[in-house]
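# Architecture at a glance
Read off the chains here:
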Amino acid sequence: MARPTSDVNVDPRVDPRTDLGHSDESRGSFLSPYSALLRLPGAAAFYVAGGLGRYPRATLSLGVVLLVSAESGSYATAGLVASMLVLLLAVSGPAWSAAMDRFGQARVLALSLIALILTSTMLIVVVTVDAPRPLWFLSAALTGASAPDLGSAVRARWRALVDQKRVHTAFALESVADESAFVVAPPVVTLLAASVHPAAGLAVALLLGVVGAVILLVQTRTEPPRAPRRTRKRTLRDVLPPVEVLPVSFAFVAIGGLFGAFDVTAIGWAADVGVPVLGGTLIGILGLSMAIGSTVFGVLRFRISMRRRYLVAAALLGVLSVLLPATQSGMLLLAASFVLGLVVGPMVVAGLALVEHRSPPARATEALAYPSTGLGIGVTAGATLAGAMLDAEGPLQGYLVATAFGLAVVLLAVAGEGIRRWVGAIA
């Protein structure tokens, strides 16, 4: 049966197979809704697999920067090679996810893993042996193009497993996994690159990702059903992104811009004050508070629609992003970063839940990949703009770039929803 396409809260008939633990949640602990989800058949296994499988996408760019800068002595070259990888990573995610919808996750994950192992090995080899520079860019592009979006694959499994009322909580759980990967993985990759070999961090992150993807692809019982075979030829509309998810995906570009500008500026600010370790601390604080915000948001029960939750979170994010350039002392900046993360996490959860609610059933995995693509594009843009401002004017200007992206989140979220409603009204 087709899922509702309106934005009002729905109360569908509950399937007893997917509603385990509901009767205990109101009497249980704060985390009872999450433990109830993880007790569903196969859920804990694919959640852990998806957590490991996120490591390559969370660390590929950093790993490449560390490897290329160590081997070439040039951060400019490292940034260009990493940008090539990130660009292809962003473009290829929806393509792999669309293939999962069409051919099944197991087949596509197996193919992508073979490609990722071959291309990433090629990248490490050509950089380490100082092969001609065009090969560095080619292998980086191929590696980015080979990495599937495990986050969208796992969210598609939750979508098939739980009823509509619990997607909100399931996606909050997935956001915690996302943020954990981005908090834990970068320090580990940096430490391995510094203490073992410049390629060690990248290799370990890739290995963990491959292990997670293998564990996921063998779990066929929880794999979402494939889209039915088409009885007509594919049209341009079948190839283009589903229009229903584009407004949120554009807003996620601005969220990614905030992330990219924040990370680069945090490192520059810490170097400027003479305490480099504070850069990693700031980034970790933001990731930790995002995880806390997502966890709390996921167990709340709302009387407002998904769309309004999303717009309220966007407005709060924009307002709180103004705190960054206004607080330049250490403790105040740490506090501002923590408070901002408490809102960014729920914003991501609300946006992804809205995309899931609106996505065409036959393109669910693909649709859930587009916000990740937006984040990837935004991170690259934000890091580039903030880096240029840092070089020219200093850390304060970098945080102004982060604030500009935070305000752009509000503008894009409100404008996107307004245009969507206007188009729907005249259609």
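Above this note sits the structure.
First things first, this report covers the structure right here in the doc. Residue numbers here run from 1 along each chain, matching the order of that chain's written sequence. The predicted nature of this model means local features are confined to residues of pLDDT at least 70 and side-chain atom pairs, given and counted, to a pLDDT of 80 or more, with totals for whole chains, interfaces and linings taken over all residues. To get the side-chain values, take all heavy atoms of the structure and skip hydrogens and water.

## Quick notes on helix α17 (residues 364-393)
- Elements are defined by DSSP. Helices are runs of H or I of four residues or more, strands are runs of E of two residues or more, and each kind is numbered from the N terminus. A helix is expected to span 1.5 Å multiplied by its residue count minus one. Under the 1.5 Å per step criterion, the end-to-end length of α17 is 44 Å for 30 residues, consistent within 8% with the ideal 44 Å.
- The positive-phi residue at the C-terminal boundary of α17 is Gly394, with phi of around 110°.

## A word on helix α10 (residues 200-217)
- Counted at 1.5 Å a residue, the expected span for α10 with its 18 residues is 26 Å, and the 26 Å between its end C-alpha atoms agrees.
- When we look at burial in α10, the residues that qualify are Ala200, Gly201, Leu202, Ala205, Leu206, Gly209, Val210, Gly212, Ala213, Leu216 and Leu217. Partly exposed residues are those whose accessible area sits between 20% and 50% of the maximum for their type, while under 20% is buried and over 50% is exposed, using a 1.4 Å probe and protein chains only.

## Quick word on the pattern of salt bridges
- Think of a salt bridge as a Lys or Arg side-chain nitrogen and an Asp or Glu carboxyl oxygen that are within 4 Å of each other. Per the counting criterion, the structure on display carries 5 salt bridges.
- Between Glu174 and Arg54 there is a salt bridge; the shortest N-O distance is 2.4 Å. Separated by 120 residues along the polypeptide, Glu174 in helix α9 (residues 164-195) and Arg54 in the loop between α3 (43-53) and α4 (55-72) bring together distant segments of the chain. For the pair shown, Glu174 and Arg54 are each scored as buried.
- When salt bridges that share partners are traced, they join Arg307, Arg358 and Glu417 into one network.

## Description of the packing of aromatic side chains
- Within 6.5 Å between ring centres, the rings of Phe, Tyr and Trp (the latter by its six-membered ring) count as paired, and their orientation is classed by plane angle as stacked under 30 degrees, edge-to-face over 60, tilted in between. Scanning the model with the defined rule gives 2 aromatic pairs in all.
- Measuring from ring centre to ring centre gives 4.9 Å for Phe46 and Trp158, while their planes differ by 70°; the resulting arrangement is edge-to-face. Remark: Trp158 occurs in helix α8 (residues 150-161) and Phe46 occurs in helix α3; sequence separation between them is 112 residues.
- On the basis of relative accessible area, Phe46 is assigned to the buried category, the value being 0%.
- Owing to a relative accessible area of 0%, Trp158 belongs among the buried residues under this scheme.
- Look at Phe262 and Tyr399: their rings are 6.2 Å apart centre to centre, the planes differ by 65°, and that puts the pair in the edge-to-face class. Taken together, the residues Phe262 in helix α12 (residues 246-272) and Tyr399 in helix α18 (residues 395-426) connect sequence positions 137 residues apart. Summarising the burial analysis for this pair, Phe262 and Tyr399 share the class buried.
- Between the NZ or CZ atom of Arg133 and the centre of the ring of Trp136, over which it lies, the distance is 4.3 Å.
- Only Lys NZ and Arg CZ are tested; either one counts as a charge over a ring when it is within 6 Å of the ring centre and within 35 degrees of the ring normal. Taking NZ or CZ as reference, Arg155 lies 5.9 Å from the ring centre of Phe171, over its face.

## A few points about a nonpolar patch on the surface
- Candidates for patches are residues over 30% relative accessible area with no salt bridge; among them, like charges are joined within 9 Å and nonpolar side chains (Val, Leu, Ile, Met, Phe, Trp, Tyr) within 5 Å. Residue burial considers only the protein chains on display, and all accessible areas are found by Shrake-Rupley using a 1.4 Å probe. A surface patch of nonpolar side chains, amounting to about 360 Å² of accessible area, comprises Leu288, Ile292, Val296, Leu300 and Leu342.
- With 3 residues, helix α13 (residues 277-299) is the largest single contributor of residues to the nonpolar patch.
- Examined against the element boundaries, Leu342 turns out to sit in helix α16 (residues 330-358).

## Regarding the packing of helix α14 (residues 306-321) against α16
- Lines are fitted to the C-alpha atoms to define the axes, a helix being fitted only along its stretch in contact, and any angle between axes, read from their N-to-C directions, falls within 0 to 180 degrees. Interhelical geometry of α14 versus α16 gives an angle of 150° and a closest axis separation of 8 Å. The angle between α14 and α16 places the two elements in the roughly antiparallel class. The two elements α14 and α16 meet at a crossing, and its hand is left-handed. When α14 is examined against α16, the residues Met306, Arg307, Arg309, Tyr310, Ala313, Ala314, Leu316, Leu317, Leu320 and Ser321 are found in contact with a partner set consisting of Val339, Leu340, Val343, Val344, Met347, Ala350, Gly351, Ala353, Leu354, His357 and Arg358.
- Charged residues are taken to be Asp, Glu, Lys and Arg, nonpolar residues to be Ala, Val, Leu, Ile, Met, Phe, Trp, Tyr, Cys and Pro, and polar residues to be all remaining types, Gly included. Taken together, the residues of the contact of α14 with α16 sort by class into 15 nonpolar, 3 polar and 3 charged. For classification, angles of less than 35 degrees are called roughly parallel, those exceeding 145 degrees roughly antiparallel, those between 65 and 115 degrees roughly perpendicular, and all remaining angles oblique. By convention the crossing between two helices is left-handed if the near helix lies anticlockwise of the far one by an angle smaller than a right angle, and right-handed if it lies clockwise. Note on contacts: a residue pair qualifies if any of its non-hydrogen atoms lie within 4.5 Å across the two residues.

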